[in-house]
Amino acid sequence: MYLPPHDPHVDDPMRFKPLFRIHLMERKCATVECMYGHKGPHNGHIQIVKKDEFSTKCNQTDHHRMSGGRQEEFRTWLREEWGRTLEDIFHEHMQELILMKFIYTSQYDNCLTYRRIYLPPSNPDDLIKPGLFKGTYGSHGLEIVMLSFHGKKAKGTKITGDPNIPAGQQTVEIDLAHPLQLPDIENLRDFSELSRVVLEVQEQVRREEQEEEHQQEEEEGSPQAASQPAAMPLGGEGAEGEETVAGAQGTTQDKAPASQPFVLPMGVISRNEDYPRTCRICFYGTGLIAGHGFTSPERTPGVFVLFDDDRFGFIWLELKSFSLYSRIKVSFQNAEAPSREAFDEMLKNIQSLAT
């Protein structure tokens, strides 16, 4: 397991923690050992669930328990996962969220499911190289997000989740067709000034969406549209859908300076105060917020801030909060040894031995 660094140090390296191991021996014999817990390797089981998915199960869960009970387990987990003690956390809301995360994760320490992650394809015209990023999420700590590009949109999808927004949800969406011109550095310190700029763009986006819907309704109701096929866009089928990021906002980038001063407005909370003080470009975007248990989810306006090829930020307007993201550069240990095909074949052999 690769764990994010301790909050809020997004530029620190990922932390490595073995969870299980497989011994392949002669005469087609194999054993699986669970490495979860603090008492050393012990007997486990592995099973293929479906394509790109398998599960492990511990057969000796007593190896996961500690003599001091759940209280000792929680304090140990807190030191390992957060790099701090319970006494260091004064904020009551943060204590509640951390406890919820511990209860949730400790429920599944005896049976874990693994799903393969396919990284997004990279296009030369992408704003930056897509991939995995570590991001700050307030009292939830650091989480892993996958950044991908889709024409005029960019999306940040949660790989790890929290009690509010689970893994798999689209945490941020960036509208690459709507760059933001930030106020000068002095006015940028005024949150109301930034809010005014963002809400004006939000209203513009809403009007454009309404006009597009109205135009589609007129075209669908037109007799000519019903009798004739739609005109093929220049460049052949799919050319419109594959408009590049550069095409969506190329003229704006051409005019934009290589970098511009950046500072967070007064009142915007940031877990990491060591964010860059210059940025390349900003875009209008939306961020997903919800109550505990992913209740009442809604997309709210925000600002995507591109700092460099490996770091970006997002200002959550409604929360008055800032998330800083840093690229995961680690060369995953043993990620290519064995190969995917060899590993899949190894799992099948183990399963056939078990049956």
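Residues numbered from 1 in each chain as written. Predicted model: local features only at pLDDT ≥ 70, side-chain atom pairs only at ≥ 80, totals over all residues. Heavy atoms only, no water.

J.: Go over the overall build of the protein chain with me, naming the residues and quoting the values.
T.: A tally of helices and strands in the protein chain yields 7 helices and 18 strands. Put simply, 54% of the contacts in the protein chain that link residues at least 6 apart link residues at least 24 apart. (Helix = DSSP H or I, 4+ residues; strand = E, 2+ residues; numbered from the N terminus. Contact = heavy atoms within 4.5 Å.)

J.: Explain the nonpolar core to me, using residue names and the numbers behind them.
T.: Nonpolar side chains tend to gather and get buried jointly when the protein is soluble and globular. Ranked by size, the top nonpolar core spans 26 residues in total, and within it Leu180, Phe262, Val303, Ile315 and Phe322 carry the most contacts. Within the residue set of this core, elements represented by two or more residues are helix H4 (191–221), strand E15 (281–291), strand E16 (295–308) and strand E18 (321–327). Ranked by residue count, the leading element in this core is H4, at 6 residues. Non-local contacts of Phe322, meaning those with residues more than four positions away in its chain, are made with Thr136, Leu264, Val268, Ile269, Ser270, Tyr275, Phe307, Gly313, Phe314, Ile315 and Trp316. Counting 20 residues, the second largest nonpolar core, distinct from the first, contains Phe133, Val172, Leu176 and Ile289. (Core = buried A, V, L, I, M, F, W, Y, C linked by side-chain atoms within 4.5 Å. Buried < 20%, exposed > 50% of the residue type's maximum accessible area, 1.4 Å probe, protein only.)

J.: If you had to explain the sheet that holds strand E5 (residues 42–50) to someone new, which residues and values would you point to?
T.: Overall, antiparallel pairing links the 5 strands, which are arranged E3-E4-E5-E6-E7 in an open sheet. What marks the edges here is a single partner per strand, and that holds for strand E3 (20–25) and strand E7 (111–115). Across the sheet, the mean angle separating the axes of adjacent strands is 35° when strand polarity is ignored. Bridge count for strand E4 (residues 29–34) against E5 is 2 bridges, and the pairing is antiparallel. Across the sheet, the residue bridging to Glu33 is Asn43, located in E5. (Pairing = 2+ DSSP bridges. Axes fitted to C-alpha atoms, helices over the stretch in contact; angles between N-to-C directions.)

J.: So what about the packing of aromatic side chains? Which residues, and what values?
T.: All chains considered together, the criterion is met by 19 aromatic pairs. On the numbers, 6.5 Å between centres and 40° between planes, the contact of Phe262 with Phe322 is tilted. Taken together, the positions of Phe262 in the loop between strand E12 (260–261) and strand E13 (269–270) and Phe322 in strand E18 put the pair 60 residues apart, joining distant regions of the chain. Across this residue pair, the class does not change: Phe262 and Phe322 are buried. Note on Phe312 and Tyr325: the rings are 4.5 Å apart at their centroids and 15° apart in plane angle, and the pair reads as stacked. Residue Phe312 is located in strand E17 (residues 311–316), and its partner Tyr325 is located in strand E18; the two are separated by 13 residues in the primary sequence. For the pair formed by Phe312 and Tyr325, the shared burial category is buried. The structure contains a cluster of three or more aromatic residues connected by ring pairs, namely Phe133, Tyr137, Phe283, Phe304, Phe312, Phe314, Trp316 and Tyr325. (Phe/Tyr/Trp six-rings, centres within 6.5 Å; stacked < 30°, edge-to-face > 60°.)

J.: Could you give an account of empty space enclosed by the protein, naming the residues involved and the relevant values?
T.: Here the structure, examined in full by the defined rule, presents 1 cavity of 30 Å³ or more. Its volume calculated, the largest cavity comes out at about 90 Å³. What lines the largest cavity is a set of 16 residues, and nearest its centre among them are Leu19, Cys34, Thr56, Lys57 and Cys58. For the lining of the largest cavity, the elements supplying multiple residues, two or more each, are E4, E5, strand E6 (53–58) and E7. In terms of residue class, the lining of the largest cavity is built from 9 nonpolar, 4 polar and 3 charged. (1 Å grid on protein atoms, 1.4 Å probe; cavity = no way out; pocket = protein on both sides within 12 Å on 5 of 7 lines; lining within 4 Å. Points joined across faces, edges and corners; volume = space filled by probe spheres on them. Nonpolar A, V, L, I, M, F, W, Y, C, P; charged D, E, K, R; others polar.)

J.: Lay out the side chain of Ser321 with the relevant residues and their values.
T.: For Ser321, the position within the fold is in strand E18. Classification of Ser321 as buried rests on a relative accessible area of 19%. Excluding anything up to four places from it in sequence, Ser321 contacts Val268, Ile269, Phe314, Ile315 and Trp316.

J.: Quick rundown of the state of the cysteines? Include the residues and the values.
T.: The full count for this structure, using the stated rule, is 0 disulfides. Residue Cys34 stays outside any disulfide, its sulfur separated by 4.0 Å from that of Cys58, the closest cysteine. Here Cys279 is not disulfide-linked; the sulfur of Cys282 is the nearest cysteine sulfur, at 4.0 Å. (Disulfide = S-S within 2.5 Å.)

J.: Give me the lowdown on unusual backbone geometry, citing residues and values where you can.
T.: With an omega dihedral of 5°, the bond running from Asp7 to Pro8 counts as a cis peptide bond. A positive phi angle is found at Asp52, which is not glycine, with a value near 65°. Position of Asp52 among the secondary structure elements: in the loop between E5 and E6. Take Asp52: its relative accessible area is 23%, and that puts it in the partly exposed class. In this model, Phe294 sits at a positive phi of 55°, which is unusual for a non-glycine residue. The class of Phe294 is partly exposed, set by a relative accessible area of 25%.

J.: How would you summarise the layout of surface pockets if you had to cite specific residues and measurements?
T.: Looking at the second largest pocket, its volume works out to about 590 Å³. If you trace the second largest pocket, you find 25 residues lining it, with Tyr137, Gly138, Ser139, Leu319 and Ser321 closest to the centre. Within the residue set of the lining of the second largest pocket, elements represented by two or more residues are helix H2 (92–106), E13, E15 and E18. Counted by class, the lining of the second largest pocket contains 11 nonpolar, 11 polar and 3 charged residues.

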